[in-house]
Amino acid sequence: MLAEHRLKAFQDLITQSSREELIWMNGFIAGLVTSEANGTGAPEEMKAAPRVSKISILFGTETGNSKKVATEFATQAKKRGINVKLSSIDQYRITDLVKEEYVFLVISTQGDGEPPVTAKKFYDHIHQQPLGLDKMKFSVLALGDSSYPMFCKAGEDVDCQLNKLGAKRIVPLQKCDTEYAEEAATWFSQVMKTLSDGGSSNTATAPAKKPKGKKNYTGVILTNLNLNDRGSNKQTHHIEITVDEDVQYEPGDSIGLIPHNRKELVENILTITGVDPDTAIEFRKERYTIAEALTRKINIIHLPERVVKQYASVIHQEIPDTRIDLIDLLRIYPVKDAAQFEQVIPILEPIAPRLYSVSSSPEAHSGEVHITVARDRFSINGETKYGLCSDFLSQLEPDSTIDFYVHKNTQFKLPAANKDVIMIGPGTGIAPFRSFLAERDATGADGRNWLFFGDQCFVTDFLYQTEIQNWADTGVLTNVHLAFSRDQQSKIYVQHRMLEYAAELWQWINEGAYVYVCGSRTPMSADVENALIQIAQHHGGKSATEAFSFVENLKEEGRYLLDVY
Amino acid sequence: MSEKNNLSSTEHIKMKSDGLRGTLKESLKDQITGAIREDDRALVKFHGMYQQDDRDRRAERSEKKLEWLYSFMIRLRIPGGFITSEQWEALHHVAGAYTTGVIKVTTRQTIQLHGILKSNVKPTIKTFNTAKLDSISACGDVNRNVICAAHPKFSAVHEEIFGYAKKLSQLGLPKTKAYYEVWLDEKSLTDKKEEEDPLYQDRYLPRKFKIGIAIPPNNDVDVFANDCGLVAILENDKLVGFNIAAGGGMGATHGNASTYPRLGTVLGFVSGEEKVLKAVYEMITVQRDFGNRSDRKLSRLKYTLDNMGVEAFKAELEKRCGFLLEPERPYQFTGRTDFYGWHKNHEGKWYYTAFVENGRVLDDEQQALKTAFLEIAQLHKTNFRFTCNQNVIIADVNNEDKPEIDAILRKYRIIDHTSNASPLRKESIACVAFNTCPLALAEAQRVLPGLISKMEPLLDKYGLQDDNISVRMTGCPNGCSRPYAAEIAFIGTAYGYYNLQIGGNRTGTRLNKLYKESLNEEGIIQELDGLFKIYSGKRNEGETFGDFAKRVKWVEY
């Protein structure tokens, strides 16, 4: 019945297995056959006690959503008497992997299909090491954002790779969009059901649910102003968007925005391809004119290698693996004619949205959403270039419209009103803290607030200065400390100010303050973390190791929260 | 004595300031603002500073959610307007590092620097201190910088008289060490007795107090525009004493008839250093005790003098001095102008007076004053003097060094510029006004050069191009450029509008009067065109514009 190589594998398995394992396999296969016969549909509420008693739940998180989901599931599983080992992937001892029997991973995807930074080591390890994971049974819950071309890619990769390494997938990969709660719950029910069935492989369960779409809003630009004064190296736009309907968001959330491509660039593409701008086309199941699609929907810059490969096959030419702008591709490897360009359209990917922390508060700025956008300027071969989305946003005129959706950040939330909050947000990292402060001001929250802000120069770069002054004057802010790096010979950053006020900072933390960090991941958030560890050493009398775990514990308790990028 | 129960808010700030300390240290530590606290803004003046902001930028900064662009103006105390080459170098570098870059020579013979951010104030003062310069009492309700005839060629006794400027400056210094504690981080005194101040007590003066010393026949210091004016009396090239005048002051307030500009009244003559210093000291104490402390608009010595009556004031002064003033001695003023170009003094040393329009030392398309002065300073062969007409004198040049200095002055076109500027332009003075002066109603130093350029063709037209008519402009009626003592004055009333005043004389002993109210630039030019035409046709031989205006009753005296 079995093909030769499969038969051999089967026989190998049997001869190498212990008696107990054989019994287990017997039950497993029986279960499998039954479930296939019954055609499992929607998961049922479990009644029976699970037959598997020990599992590991690992999470790889960026914004904290994966952690939240994983923690919730771990709690549920424990209630059912399962011994759960819950761990962030970066804290998981990677050598334990080969010993694992039941592993469930919750992992998000960043940017162009990247795993979260905390999961990078794990991701590389499983892709680079010749591991034998034959003992393992697993399932992956992938979180992501369907607006990105590489939706849930990290989850897919991990799922696929574990399988390759010999681990057995017992519940199919579940991808979730930004509104993940329902799909995640479904996946977990299936996991639990499978475990109660004795951990039988359940690959034939109902196909994973298609992620739900997300709520899109259309807003009108009310104000768009550059907060930096003349003479600054920076250009930071404060953008106020007004929306007719009630936007559901909380301080700490972000919004996702799709930038438009630059007009000149689109015109160049239209000219070089000779295509009629009004040609009607379909892109990702919606109809547009080609000009409209190229402006608002299709990513035309820095095309990934996978797209370049497909382009090469459409025009039947050899093109080396590289990332390149569409216009350059069209110049170097031209399409035959307009018709061939139309064939290129479907292989192109949609413009990925960019996330911006909301800098307004629903309580203080009702009917509006504010964002704080640094116009990203960089130089390539001596030519000044601007980041697509920040450039697009910085140019938006009042009264123009913009589409966006809310991206929940469940971890980065204000604590109870009576808790103290320490906010460390240099540069555009100030955004969520403007939201926090406005919210706490509007709601009269009585917890103390302490802000660390920094930028290049006091005179030109003190974002939201007058608002911060007002909060300081009215007592909403108990402390404000500022670090302007270029106002003196030696560079001063927020972490230096933290160390300067270490004793008081330590006191706040000891009294239960929540610490929030927003802004650039490197080097800022790492420097801030080092400062916290130092403070725990010098003012908490802890050893280096103790101080390190103190800070880790703060994270575990949800009292040290990051929104870094 | 003034009523205690109706003191102005500034009086309370002074008295509770703990020797002018206030909360200045805390103000400097406030990271979130470039400003200092409200009360400290009054106190910082006593340390030679004003908090200002760039008024051109207010609206734009507010929109950007940034506070106003606050900065500080620091004015130095330079009695008699004399500094060394080394001090000029220090000044040059401080100006480059922390300020707008412009070194401004004031109408009271000192230097002020603008645009210093709060965080740079201490470094600025520290650098000054290293160069033995300070800004103590350069502003505030105390004796201000003592001015003295600048030109070293008048007499052999110039140095002796210049010594009076330094001694009077020392006499009028407050005893508090606050300046050294706040700005230079010196430890506070454990024994506060050293700070006991019999002159200023804890309340200082009701208002600023200005002392000027003139050496006839030149009145370049505008001696009668000072609260206390000393006119040196020389006999056989020896200083025999001073005529002492009281009650000069330029300030007035639009629409407040009880305010007015006033020239000093000569009270008498005093001789001998001890008596001269005593007379000035007691004039300060009379003002301290009799000056108005409830209304700052009416608190200058001139109002004290007029309220008491000149005789009563003089009697009080003599009582406190313990001696009587002798009768006024005769003297003659012939002008107020500076002696431009190269001149030799009594010792055989050379000096060069460079024309600095509105006192702004900078490099521009016409000349490179700042670079030239730095190069000269770096030679360490000369000294620098400032005049009350806002010009700079390269002083004490040895005969053998003159060609080297001259070459630098030519290289940077200073000599060209000084020689070619019209007499009218050289006689013009404007105050700072916009964009930093908080009192300004209209522009001054930013528009006067342009207005002069429009007046020059008028003078050419009527053959008056060699007339050095004195023209002064202020952005408000407070009179920082001593406008009321000019032949022609433009006094700002609103943005773009000025009162036209005429009739003052060329020696600073007669005030001008209002001729036309609130003229814009076009109106001013039109009026002056008509006046110059009549003046050129009907004036007597040698008759000045101011004297003519009085004679033909364009304004009533």
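Keep in mind the model is a prediction, meaning the values are calculated, not measured.

A. Structural detail: the overall build of chain A. What chain A contains, in helices and strands, is 19 helices and 21 strands. Taken over C-alpha atoms, the radius of gyration comes to 27 Å for chain A, in line with the 24 Å a tight globule of 565 residues would show. The principal-axis extents of the C-alpha atoms in chain A amount to approximately 80 × 70 × 45 Å.

B. How the structure looks around the overall build of chain B. If you tally the helices and strands in chain B, you get 18 helices and 20 strands. The C-alpha radius of gyration computed for chain B amounts to 23 Å, which stays within 12% of the reference 24 Å derived for 557 residues, consistent with globular compactness. Projecting the C-alpha coordinates of chain B onto the three principal axes gives extents of approximately 70 × 55 × 55 Å. Across the 557 residues of chain B, 52% fall into the buried class. Relative to all contacts within chain B whose residues are 6 or more apart in sequence, the contacts with residues 24 or more apart total 67%.

C. Seen up close, the interface of chain B and chain A. Listed per partner, the contact involves 13 residues of chain B and 18 residues of chain A. Here the side of chain B that touches chain A is built from residues that sort into four nonpolar, four polar and five charged.

D. Structural view of the confidence of the model for chain A. All names here are of chain A. Per-residue confidence for chain A gives a mean pLDDT of 89; residues scoring 70 or more make up 91%. For the stretch residues 37-48, pLDDT sits under 50, and the model shows 14 contacts to residues farther than four places along the chain or on other chains. Considering only residues more than four positions removed or in separate chains, one finds that residues 202-206, a stretch of pLDDT under 50, has 15 contacts.

E. Examining the environment of B:Glu400 more closely. Mapped onto the secondary structure, B:Glu400 falls in the loop between β15 (392-397) and α13 (402-411). As for B:Glu400 and B:Lys349, which are separated by 51 residues in sequence, their C-alpha atoms are 10.0 Å apart.

F. Examining the sheet that holds strand β14 (residues 383-386) of chain B more closely. All names here are of chain B. Read across the sheet, five strands follow the order β3-β14-β15-β12-β11 without closing on themselves; strand pairing throughout is antiparallel. The two strands at the open ends of the sheet, each matched to only one other strand, are β3 (82-84) and β11 (341-344). Averaged over neighbouring strand pairs, the angle between their axes works out to 25 degrees when direction is ignored. Sheet topology note: the β14/β15 ladder contains four bridges and is antiparallel. Within the sheet, the bridge partner assigned to Arg385 lies in β15 and is Ile393. Contacting β3 and β14, helix α5 (residues 85-98) runs over the sheet at an angle of about 85 degrees to β3.

G. Structural view of the nonpolar core. Formed by 155 residues in total, the largest nonpolar core has its most connected members in B:Cys148, B:Ile213, B:Ala232, B:Phe373, B:Val392 and B:Ile394. Looking at which element gives the most residues to this core, the answer is helix α9 (residues 273-290) of chain B, with seven residues. Residues contacting B:Ala232, with those up to four places away along its chain left out, are B:Ile161, B:Ile213, B:Ala214, B:Ile215, B:Pro216, B:Leu239 and B:Phe242. A:Ile258, A:Met423, A:Phe453 and A:Ile468 belong to the second-largest nonpolar core, a separate cluster that totals 98 residues.

H. Summary view of the sheet that holds strand β16 (residues 401-407) of chain A. Residue and element names in this part refer to chain A. Strand order in the open sheet made by the six strands is β12-β9-β16-β7-β8-β13, with antiparallel pairing throughout. Two strands close off the open sheet at either side, each with one partner strand: β12 (354-357) and β13 (368-374). The sheet shows a mean angle of 40 degrees between the axes of neighbouring strands, taken without regard to direction. As paired strands, strand β7 (residues 216-226) and β16 are joined by five bridges and run antiparallel to one another. If you follow Thr218 over to β16, its bridge partner there is Asp403.

I. Region of the structure containing the pairing of strand β14 (residues 377-380) of chain A. Sheet topology places β14(A) next to strand β15 (residues 383-386) of chain A; four bridges connect them, and they run antiparallel. Each bridged residue has a counterpart across the sheet, and for A:Phe378 the counterpart in β15(A) is A:Lys385.

J. Layout of helix α7 (residues 263-273) of chain A. Residues and elements named next belong to chain A. The set of residues buried in α7 consists of Val266, Ile269 and Thr273. All buried residues of α7 lie within an arc of 60 degrees about the axis, which places them on one face of the element. Turned more than 90 degrees away from the buried face of α7, the exposed residues are Lys263, Glu264 and Thr271. Those residues of α7 that are buried are in contact with α8 (290-296), α10 (326-332) and α11 (338-344). Where α7 ends, the next residue or the one after it, Gly274, has phi of about 70 degrees, a positive value.

K. Quick look at helix α3 (residues 65-79) of chain A. With 15 residues, α3(A) extends 22 Å between its outermost C-alpha atoms, agreeing within 8% with the 21 Å of an ideal straight helix rising 1.5 Å per residue. Contacts from the buried residues of α3(A) go to β1 (54-60), β2 (83-88), β3 (102-108), β4 (137-143) and α6 (181-196) of chain A.

L. Local environment of the packing of helix α16 (residues 448-461) of chain B against helix α17 (residues 521-538) of chain B. All names here are of chain B. Following both chains from N to C, one finds α16 and α17 inclined at 25 degrees, their axes separated by 10 Å at the closest point. The angle between α16 and α17 places the two elements in the roughly parallel class. The two elements α16 and α17 meet at a crossing, and its hand is right-handed. Contact residues: Leu451, Lys454, Met455, Leu458 and Leu459 in α16; Glu521, Ile525, Leu528, Asp529 and Phe532 in α17.

M. Quick look at unusual backbone geometry. Backbone torsion omega between B:Pro216 and B:Pro217 reads 15 degrees, so that peptide bond is classified as cis. Following B:Phe434, the chain continues into B:Asn435 via a peptide bond in cis, with omega recorded as 10 degrees. For B:Asn435, the position within the fold is in the loop between β16 (428-430) and α16. At A:His316, a residue that is not glycine, the phi angle is positive and equals roughly 55 degrees.

How each quantity is defined
- Residues numbered from 1 in each chain as written.
- Chains lettered and ligands numbered in written order.
- Predicted model: local features only at pLDDT ≥ 70, side-chain atom pairs only at ≥ 80, totals over all residues.
- Helix = DSSP H or I, 4+ residues; strand = E, 2+ residues; numbered from the N terminus.
- Rg over C-alpha atoms; globule rule 2.2 N^0.38 Å.
- Buried ≥ 20, exposed ≤ 12 C-beta atoms within 10 Å, placed from the backbone.
- Contact = placed C-beta atoms within 7 Å.
- Nonpolar A, V, L, I, M, F, W, Y, C, P; charged D, E, K, R; others polar.
- pLDDT = per-residue confidence, 0-100.
- Pairing = 2+ DSSP bridges.
- Axes fitted to C-alpha atoms, helices over the stretch in contact; angles between N-to-C directions.
- Core = buried A, V, L, I, M, F, W, Y, C linked by C-beta atoms within 7 Å.
- Arc of directions from axis to C-beta.
- Expected span 1.5 Å × (residues − 1).
- Parallel < 35°, antiparallel > 145°, perpendicular 65-115°, else oblique.
- Left-handed = near helix turned anticlockwise from the far one by under 90°.

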